[in-house]
Amino acid sequence: MEETTVVIVGAGPSGLALGALLGRMNVKTIILEKDTEVCEDPRGIVVNGDAVRISYQIGIGEGLTKRIGKDISVLNFHRGNFRQSPFMTFDIRDGAKHLIRTSWLVGADGKRGVVRKKFLEPEGVRQVEGEWTYVGTWVAANLKITTPTPESHPEFPLWKLGYTPQQVHDTFWPTGFYFCNDDKRPQVSGRFGPAGSGFWRHEYSVEPEDNLDDVQGHLWKIFGSWMIIPGSKLSRTLAKTVVEFPRDCIDVIRCRPFTFTVKVVNKWFVRNTMLIGDAAHVFPPFGRQGIACRIRDAQSLAWRLAMMSTISVLTTTRERILEGWSQERRHAWKGAMNATRLNGSIVNMWSFFGGLLYRIVMRLVWQFPILARLRTHRAFRDKLAFTHKTCPDGFFLDGAGVGGRKVAQIRVRKQGQAPILSDSAFLRNLSHLSLLVFVRRDSPAVEHAQIAEILKVADLPRDMLTMEDVTLYFIDGSSSETSTARPEPGLEAYYPCTTEELAGEGITPIKGYHHTSVEDRYGSSAKFVLVRPDFIVHSVASSGEELLANLGKTGEYFR
Ligand SMILES: Cc1cc2nc3c(=O)[nH]c(=O)nc-3n(C[C@H](O)[C@H](O)[C@H](O)COP(=O)(O)OP(=O)(O)OC[C@H]3O[C@@H](n4cnc5c(N)ncnc54)[C@H](O)[C@@H]3O)c2cc1C
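Residues numbered from 1 in each chain as written. Predicted model: local features only at pLDDT ≥ 70, side-chain atom pairs only at ≥ 80, totals over all residues. Heavy atoms only, no water.

With an unreviewed UniProt entry as reference, the protein is termed FAD-binding domain-containing protein, source organism Lasiosphaeria ovina.

Right under this line is the structure:
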């Protein structure tokens, strides 16, 4: 019989993310997937928020925006329409039977998954309605667009206007993502996949009067007019004509209805069996939150499983750890669901006057760049924060402990080396906690021996935090030259990169980048920041004594 530490059922986004993370944490994992082919006709096409950040931790960060997809920098809401050797191996031998003994079983097998149904429902686990009730059917179509050329379509009118094939493509299939609404139905449309792949997604809500016997025919009825542009909009010479994108250049890869609901499990685990992803919760894709929320389920479970597998915990401790995990996940799910609900309320705006008023106000707001920037910042800022009020068993010290929020990610460098993402600098061992030590211009020297003594007294298991997990972080312009503190041998030392430094290296930081973002989240006395592998800060301390107290609470939590 084969032995493993974790069995994951389902190789969708949540199962694969968990498997990849556990692989990086050296936890033996087997993923069982019923499909034998990789699905190249996806349902989820947009990932957002820290799913992209987590993808770097998984090891596919660069590929995500170059080979799998591309950056979507613009989301548009419209009325009407728009204008690396393997660390994981899959064995898909057909018909072979295996017996596997495992310590942990994770159901990542989607909303109708067998793990919940077969193992957890008899124990009283159910997907129940969330705070928001929504049931709706949408048609989702994946299209593959071929670009016409003067050779393939000599009669196409735009060649005469000097259009190149690429310009024709961009005119009919513009970059960005479009949330559109008219009086009849909400629709969502936009490019997906790697740049230049020609993939396009169109989704629209199904209304009572719709007949879906011929779904593809229905798609053309709804979407056909989006492919026609009045000639007058393109050139005066084409006035009174219409220009239609050649239909034979549009291949419908998949077109079918999906029913969306809002549901979440009343319990996320029973003993050693857990649920993540759609197996645990579902909500509609209006907010494009689905995959991100599922990947976060996986990331926040992976390090807990890795720690519990190496430090051997009592049953009561296991229950507390998993209870804390599920409380945090439920809280995060609620946040993602609320974002979905907000987006949905815009896309599904049915009241004529309510919709009109909303659009007038938003058009007004967008006349003022400052207001537009403020609103964009509010809509896209990371609002996730855990407190013991919402997550009583969560692993963080909130309040004055200022834990429960993510550590910011910026670009950092070692003296004389190229900039790297701070997550890969600070969180070097993915199954351990990390200790960030802020070094300021006039702060006293930070000695290796002093930190080593604190860790020795705290007496945490070696698989949780060691001196190799400590990083000196030189802030407020301090460096080994300007600070009384020196990066000591055996201690990793990093400096934040300013926008100017990055520009000098040919790196364009993201909008809103600020090199002080990491320390800005804490008071000026903050010195020791204890960070979990999932970017969440456990606690912040101003002195060695406070750090020792925080480490003491860490030890108690896992005892
Ligand atoms: C039309 C549509 C559009 C969407 N658009 C977006 C979007 O743009 N952005 C976004 O973030 N989300 C979107 N979503 C939601 C997103 O697709 C899901 O939330 C996400 O796929 C869930 O991932 P998962 O890994 O939990 O489950 P799934 O993706 O459902 O994966 C489950 C896996 O388990 C396997 N499996 C099932 N049963 C078994 C079994 N018995 N044994 C072995 N394997 C099994 C399945 O074959 C599958 O591979 C969309 C959903 C739909 C329907």
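Caption draft 1: Main features of the overall build of the protein. Helix and strand counts for the protein stand at 15 helices and 25 strands. Burial status across the protein gives 49% buried among its 559 residues. When the accessible surface of the protein is split by element, carbon and sulfur atoms take 54% of a total near 27700 Å². (Helix = DSSP H or I, 4+ residues; strand = E, 2+ residues; numbered from the N terminus. Buried < 20%, exposed > 50% of the residue type's maximum accessible area, 1.4 Å probe, protein only. Areas by Shrake-Rupley, 256 points an atom, 1.4 Å probe, with all protein chains shown as cover.)

Caption draft 2: Here's a closer look at the environment of Glu3. With respect to the helices and strands, Glu3 occurs in strand β1 (residues 2-3). The partly exposed category is assigned to Glu3, whose relative accessible area is 47%. With 25 residues separating them along the chain, Glu3 and Lys28 place their C-alpha atoms 8.7 Å apart. Polar side-chain contacts of Glu3 include one of 3.2 Å to the side chain of Arg101. (Polar contact = N/O pair within 3.5 Å; in protein donor to acceptor, adjacent residues only side chain to side chain.)

Caption draft 3: Examining a positive patch on the surface more closely. A cluster of basic side chains, namely Arg43, Lys111, Arg112 and Arg256, defines a positive patch on the protein surface. Looking at where Lys111 falls in the secondary structure, it is placed in the loop between β6 (104-107) and α4 (114-120). A relative accessible area of 32% places Lys111 in the partly exposed class. (Patch = residues over 30% accessible without salt bridge, like charges linked within 9 Å, V, L, I, M, F, W, Y side chains within 5 Å. Salt bridge = Lys/Arg side-chain N within 4 Å of Asp/Glu carboxyl O. Lys, Arg positive; Asp, Glu negative; His and termini not counted. Charge placed at Lys NZ, Arg CZ, Asp CG, Glu CD.)

Caption draft 4: A look at the packing of helix α1 (residues 13-24) against helix α7 (residues 290-311). Taken N-terminus to C-terminus, the directions of α1 and α7 make an angle of 30°; their axes are 8 Å apart at the nearest point. When the axis of α1 is compared with that of α7, the two are roughly parallel. Where α1 crosses over α7, the handedness of that crossing is right-handed. Taken together, the residues of α7 that come into contact with α1 (itself represented by Pro13, Ser14, Ala17, Leu18, Leu21 and Leu22) are Ile291, Arg294, Ile295, Ala298, Gln299, Leu301, Ala302, Leu305 and Ala306. (Axes fitted to C-alpha atoms, helices over the stretch in contact; angles between N-to-C directions. Parallel < 35°, antiparallel > 145°, perpendicular 65-115°, else oblique. Left-handed = near helix turned anticlockwise from the far one by under 90°. Contact = heavy atoms within 4.5 Å.)

Caption draft 5: Inspection of unusual backbone geometry at higher detail. Within the chain, Asn26 stands out as a residue other than glycine whose phi angle is a positive 60°. Assignment of secondary structure puts Asn26 in the loop between α1 and β3 (29-32). Using a relative accessible area of 73% as the deciding quantity, one classes Asn26 as exposed. Despite not being glycine, Lys240 has its phi angle at roughly 65°, a positive value.

Caption draft 6: Just the pattern of salt bridges, in detail. Scanning the entire structure with this criterion turns up 19 salt bridges. For Asp210, the salt bridge goes to Arg185, with nearest N and O atoms at 2.8 Å. Taken together, the positions of Asp210 in the loop between β11 (199-205) and α6 (215-223) and Arg185 in the loop between β9 (177-181) and β10 (186-192) put the pair 25 residues apart, joining distant regions of the chain. Overall, Asp210 belongs to the buried group, its relative accessible area being 16%. For Glu501, the salt bridge identified is with Arg413, shortest N-O distance 2.8 Å.

Caption draft 7: Spotlight on the pairing of β9. Counting buried positions along β9 yields five of five residues, so the element is predominantly enclosed. Here β9 shows a buried face lined by Phe177, Phe179 and Asn181 and a second buried face lined by Tyr178 and Cys180. Bridge analysis of β9 against β10 gives five bridges, and the strand direction is antiparallel. Considered in β10, the bridge of Cys180 is made with Gln187. (Pairing = 2+ DSSP bridges.)

Caption draft 8: Looking closely at the pairing of strand β21 (residues 434-439). By the criterion of burial, β21 is predominantly enclosed, with six of the six residues buried. On β21, burial covers both faces: Ser434, Leu436 and Phe438 on one face and Leu435, Val437 and Val439 on the other are all buried. Bridge count for β21 against strand β24 (residues 528-531) is four bridges, and the pairing is antiparallel. Paired with Ser434 across the two strands is Val531, which belongs to β24. The pairing of β21 with strand β22 (residues 470-474) spans five bridges and is parallel. Within β22, the residue paired with Val439 across the bridge is Phe474.

Caption draft 9: Region of interest: the environment of Ser326. Residue placement: Ser326 occurs in helix α8 (residues 315-347). Among the residues examined, Ser326 registers a relative accessible area of 5% and is labelled buried. The spacing of Ser326 and Gly394 is 68 residues in sequence and 8.7 Å in space, taken between C-alpha atoms. Aside from chain neighbours lying at most four places away, what touches Ser326 is Trp268 and Phe269.

Caption draft 10: The arrangement of the sheet that holds strand β15 (residues 263-265) in detail. In spatial order, the strands read β7-β15-β18; together these three strands make up an open sheet with antiparallel pairing. Only two strands of the sheet have a single partner each, and these edge strands are β7 (127-129) and β18 (281-282). Pairing between β7 and β15: three bridges, direction antiparallel. If you follow Glu129 over to β15, its bridge partner there is Lys263.

Caption draft 11: Representation of the side chain of Arg201 within the structure. As for its placement among the helices and strands, Arg201 is situated in strand β11. For Arg201, a relative accessible area of 1% corresponds to the buried category. Side chain to side chain, Arg201 and Asn142 meet in a polar contact 2.6 Å long. Among the polar contacts made by the side chain of Arg201, one reaches the side chain of Glu203 at a distance of 2.6 Å.

Caption draft 12: Layout of the packing of aromatic side chains. Using the criterion set out here, one finds 21 aromatic pairs in the structure. Taking 6.4 Å as the distance between ring centres and 55° as the angle between the ring planes, the aromatic pair formed by Phe156 and Phe172 counts as tilted. Residue Phe156 is located in the loop between β8 (135-145) and α5 (165-172), and its partner Phe172 is located in helix α5; the two are separated by 16 residues in the primary sequence. What makes Phe156 buried here is its relative accessible area of 7%. Residue Phe172 is classed as buried on the basis of its relative accessible area of 0%. By way of ring pairs, the aromatic residues Phe156, Trp159, Phe172, Trp173, Trp200, Trp220, Phe223, Trp226 and Phe245 are connected into one cluster. (Phe/Tyr/Trp six-rings, centres within 6.5 Å; stacked < 30°, edge-to-face > 60°.)

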